[in-house]
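Examination of the molecular architecture
Read off the chains here:
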Amino acid sequence: MTAEDRLRTYRGKRDFGRTGEPSGRATADGGGGPRFVVQIHDARRMHFDFRLQVGDVLKSWSVPKGPSADPADKRLAVPTEDHPLEYEDFEGVIPKGEYGGGTVIVWDHGTYEPLSHDRRGRPVDFAESLERGHATFRLHGAKLHGEYALTRFREGGADGEEAWLLVRKGPARPGHGTPDPRRARSVRTGRTLAQVAAGTGGDGAP
Ligand code: MN
């Protein structure tokens, strides 16, 4: 499947004449290892969007409570449509009435190391591990560091929507818990959701 096919759902939901989100038409540039991004999205319901670069798209999950630094916190992660790679940089206001209308900040970003392996400890292709419903990886972000796992616990279908858990592996990092989304600041511009919504704060902003 090409990126064009994988982004069909993403594009079908949006009017790029009205929203400032990227259409994914530009060729994104790779290098430096696969990327991850965590955005905070003040939509109808506040949530975190957790995205991992897999090939030429960002695999995406909506995480209502956001990632935790405590391995005891299993965080619900509901898959959403693949997003274009340039979405990593998207911060701004999606107009009211449009799909996902509300304010978005980039809370954290960086690279990740795929760690998925089979029961015998042999490395497994990361995309394949996600398709099978269990992937492990180490994040190297500005805020998030260390090993996490994404595990599907419910298949989509008659029983309801597909659902996963995002769980921290390894030692807890006290003091690195999930931020209050309304006080959290963008890793790109230092702005809060309110400042982005108002078009204030940050470097060079009015
Ligand atoms: Mn979202």
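Residues numbered from 1 in each chain as written. Predicted model: local features only at pLDDT ≥ 70, side-chain atom pairs only at ≥ 80, totals over all residues. Heavy atoms only, no water.

Looking at the coordination of the manganese ion
Rule in force here: For Na, K and Ca the donor cut-off is 3.2 Å, while for other metals it is 2.8 Å, and in both cases only N, O and S atoms qualify; water is not among them, so sites may look incomplete. Burial here depends on accessible area, computed with a 1.4 Å probe over protein chains only, as a share of the maximum for the residue type. Under 20% is buried, over 50% is exposed, and the range in between is partly exposed.
Here the manganese ion is held by H41 (ND1), H47 (NE2) and D49 (OD), and the distances to it run 2.1 to 2.3 Å. In terms of primary sequence, the donors binding the manganese ion are separated according to H-x5-H-x1-D. On the basis of relative accessible area, H47 is assigned to the buried category, the value being 12%.

Considerations on the packing of aromatic side chains
The line we're drawing: To pair, rings of Phe, Tyr and Trp, with the six-membered ring standing in for Trp, must have centres within 6.5 Å; the planes then decide the type, stacked if under 30 degrees apart, edge-to-face if over 60, and tilted in the middle. Per the convention used, a helix needs a DSSP run of H or I reaching at least four residues, while a strand needs a run of E reaching at least two, with both numbered from the N terminus.
Using the criterion set out here, one finds nine aromatic pairs in the structure. Here the aromatic rings of F48 and W107 are separated by 6.2 Å at their centres, their planes lie at 90°, and the arrangement is edge-to-face. In this pair, F48 sits in strand β2 (residues 46-54) while W107 sits in strand β6 (residues 102-114), placing the two residues 59 residues apart along the sequence. For F48, a relative accessible area of 2% gives the class buried. On the numbers, 5.5 Å between centres and 70° between planes, the contact of W61 with W164 is edge-to-face. Residue W61 is located in strand β3 (residues 57-63), and its partner W164 is located in strand β9 (residues 163-168); the two are separated by 103 residues in the primary sequence. Take W61 and W164: they sit in the same class, and that class is buried. Connected via pairs of aromatic rings, a cluster forms that spans Y10, F16, Y87 and F90.

So, the side chain of E81
What counts, and what does not: In this analysis, two residues are considered to be in contact whenever any of their non-hydrogen atoms come within 4.5 Å of each other.
Topologically, E81 is positioned in strand β4 (residues 75-84). The contacts of E81, once residues within four sequence positions are left out, are T9, Y10, K13, R14, S60 and Y99.

Here we look at the environment of R11
Condition: Two N or O atoms count as a polar contact when they lie within 3.5 Å, although within protein this holds only if one can serve as hydrogen donor and the other as acceptor, and sequence-adjacent residues are included solely when both atoms are side-chain atoms.
Along the chain, R11 turns up in helix α2 (residues 8-12). Given the relative accessible area of 12%, R11 is considered buried. Counting along the chain gives 72 residues from R11 to H83, while the straight-line C-alpha distance between them is 8.9 Å. The residues contacting R11, other than those within four sequence positions of it, are E4, F16, S23, G24 and R25. At 3.4 Å, the side chain of R11 forms a polar contact with the backbone oxygen of G24.

Description of the environment of V167
Structurally, V167 can be placed in strand β9. C-alpha of V167 to C-alpha of K74: the two residues are 93 residues apart in sequence and 5.1 Å apart in space. Those residues in contact with V167, other than ones at most four positions away along the chain, are P71, D73, K74, E147, Y148 and A149.

Digging into the nonpolar core
Put simply, the test is: Only buried residues count toward a nonpolar core, which is a set of Ala, Val, Leu, Ile, Met, Phe, Trp, Tyr and Cys residues joined through side-chain atoms within 4.5 Å.
Core analysis: the largest hydrophobic core is formed by 26 residues, its most contacted members being F50, L52, W61, F137, L139 and L150. Looking at this core element by element, the count peaks at four residues for β2. Judged by nonpolar contacts, the second largest core, of eleven residues, contains L85, F90, I94 and V104.

As for the pattern of salt bridges
The line we're drawing: A pairing counts as a salt bridge when a side-chain nitrogen of Lys or Arg comes within 4 Å of a carboxyl oxygen of Asp or Glu.
This structure, assessed with the given rule, holds 19 salt bridges. K13 serves as the salt-bridge partner of E81, at 3.6 Å between the closest nitrogen and oxygen. With E81 in strand β4 and K13 in the loop between α2 and β1 (35-42), the pair connects residues that are 68 residues apart, well separated along the chain. Several salt bridges converge on common partners, so that one network encompasses K13, R14, E21 and E81.

Quick word on the pairing of β2
Stated formally: At least two bridges found by DSSP between two strands is the condition for calling them paired.
Buried residues dominate β2, accounting for eight of its nine residues. The antiparallel hairpin formed by β1 and β2 contains three residues in its connecting segment. As paired strands, β2 and β3 are joined by seven bridges and run antiparallel to one another. Bridge pairing in β3 links F48 to V63.

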